[in-house]
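# Residue-level structural notes
Given next are the chains, with one letter for each unit.
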Amino acid sequence: MQHDRRPGPSLSPIGNESVTRNFDNSTTPDAPDIKADSWAATLTPRLAQFVAVARHEHVTRAAQQLQMPQSTLSRSMARIEHDLGVALFARHGRTLSLTAAGRAFLASVERALSDVERAAESVQADADPTSGKVAFGFLHTLGSETVPELIRAFRADHPRVRFQLVQGYGEAMLERLRYGDLDLCLTSPLPDAPDLAARRLDEQKLRLVVPDDHPLAARKRVRLAEAATELFVTLEPGYGLRRITDALCAEAGFTPKVAFEGEDPETLRGLVAAGLGVGLLPPPAVARPGVVELSVTAPRAIREIGVAWLDGHPDTPPVAAFKRFLLSRRGQLLPR
């Protein structure tokens, strides 16, 4: 079967998409299952044939366009009418005309086939090596400097590749990988799961952040155990940095007394500046007044940053190119 190929809408070579929807909302929630005895399964293979006959109002000409035997096309139209129990065509010798039911059916079928065409063109465009799309997730703390610099450097050689950017915490992004909503994500700690692949790219030092009038504020370095009696502000359970904080405090010999939990490290810095606790946080993009950031000498306070993807999932050319680029940045991912 041949299709008339019409140019679709142009794609911006530099457009980026920011995604904030939940990962489980990317399919139509009320779409029916396709069952063997459903109308979709029964009629879909013959819908394009029906449209061709309806437009030509002539089986022979439609069969020539579709490059199929006229007799096969005639039987196909008769079968559609038989299955529906409705006459779609009025026969006039060699020509046909649509009945009222046929015109109503044609309008809906044309819309459905147009949606299929657009869907096919969209997925082909997303996979295009030069102008395709990469769905890329990353931690909030990497959004202000690291990710913009990565994309800038990558697009020096791939200027038309588009990015669908998703910021979130580690567990949510891993679920989006599994669901197919993301191609790649930068996360910490690296996942240890049989269905995911991950590669370490860099490590980031964590600092003990204290108010600028805190007794420790005059120091440059501190052992984490010296903060054992402090109130901590931390990310909520489920965040990778929270798990790292709890593990480091346990290694230092104490369980942190948590005063406040949040979702954003910079909000936590604000709480520290207000004197509401101390925090174990990655370096800020911009220095925050009201706090002092201390190097932690023991235990070694770092978090590993790596890239993860769904193991065994085939990459489109733009995703494969960006994955190679990320892996080439081992040890150079984060600003020094």
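Before reading on, note that the structure itself is shown above.
Keep in mind the model is a prediction, meaning the values are calculated, not measured. (Residues numbered from 1 in each chain as written. Predicted model: local features only at pLDDT ≥ 70, side-chain atom pairs only at ≥ 80, totals over all residues. Heavy atoms only, no water.)

### Brief notes about the nonpolar core
Of all hydrophobic cores here, the largest spans 37 residues; its most connected members are F136, F163, L184, L186, F322 and L326. Listed by contribution, the elements that provide at least two residues to this core are β4 (133-139), α5 (146-154), β5 (162-168), α6 (170-179), β6 (184-187), β7 (196-205), β14 (302-310) and α9 (317-327). Leave out the neighbours within four places in its chain, and F322 touches V134, F136, F154, F163 and L184. With 28 residues, the next largest nonpolar core counts L224, L268, L280 and A301 among its residues. (Core = buried A, V, L, I, M, F, W, Y, C linked by side-chain atoms within 4.5 Å. Buried < 20%, exposed > 50% of the residue type's maximum accessible area, 1.4 Å probe, protein only. Helix = DSSP H or I, 4+ residues; strand = E, 2+ residues; numbered from the N terminus. Contact = heavy atoms within 4.5 Å.)

### A closer look at the packing of helix α2 (residues 59-66) against helix α3 (residues 70-84)
In the contact formed by α2 and α3, the axes pass within 9 Å of each other and the chain directions differ by 110°. The orientation of α2 relative to α3 falls into the category roughly perpendicular. Note that α2 runs across α3; the crossing there is right-handed. Side by side, α2 and α3 meet where V59, T60, A62, A63 and L66 of the first sit next to Q70, L73 and S74 of the second. When the residues that make up the contact of α2 with α3 are grouped by side-chain class, the tally is 5 nonpolar, 3 polar and no charged. (Axes fitted to C-alpha atoms, helices over the stretch in contact; angles between N-to-C directions. Parallel < 35°, antiparallel > 145°, perpendicular 65-115°, else oblique. Left-handed = near helix turned anticlockwise from the far one by under 90°. Nonpolar A, V, L, I, M, F, W, Y, C, P; charged D, E, K, R; others polar.)

### Looking at the sheet that holds strand β13 (residues 291-298)
Here we have 4 strands laid out as an open sheet, ordered β9-β13-β8-β12, and mixed in their pairing. Sheet topology places β9 (221-223) and β12 (279-281) at the edges, where each strand pairs with a single neighbour. Each neighbouring strand pair of the sheet contributes to a mean axis angle of 45°, computed without reference to strand direction. Relative to β13, β9 runs parallel, the two sharing 3 bridges. Residue pairing for β13: R221 is matched across the bridge by S295. (Pairing = 2+ DSSP bridges.)

### A look at unusual backbone geometry
Omega for the peptide link from S188 to P189 comes to -5°, which places this bond in the cis form. Here the bond from A298 into P299 is cis, since omega is -10°, no more than 30 degrees from zero. Checked against the element boundaries, P299 lands in the loop between β13 and β14. Even without glycine at this site, E57 takes up a positive phi of about 55°. Although it is not a glycine, Q67 adopts a positive phi angle of roughly 55°. You can see Q67 is positioned in the loop between α2 and α3.

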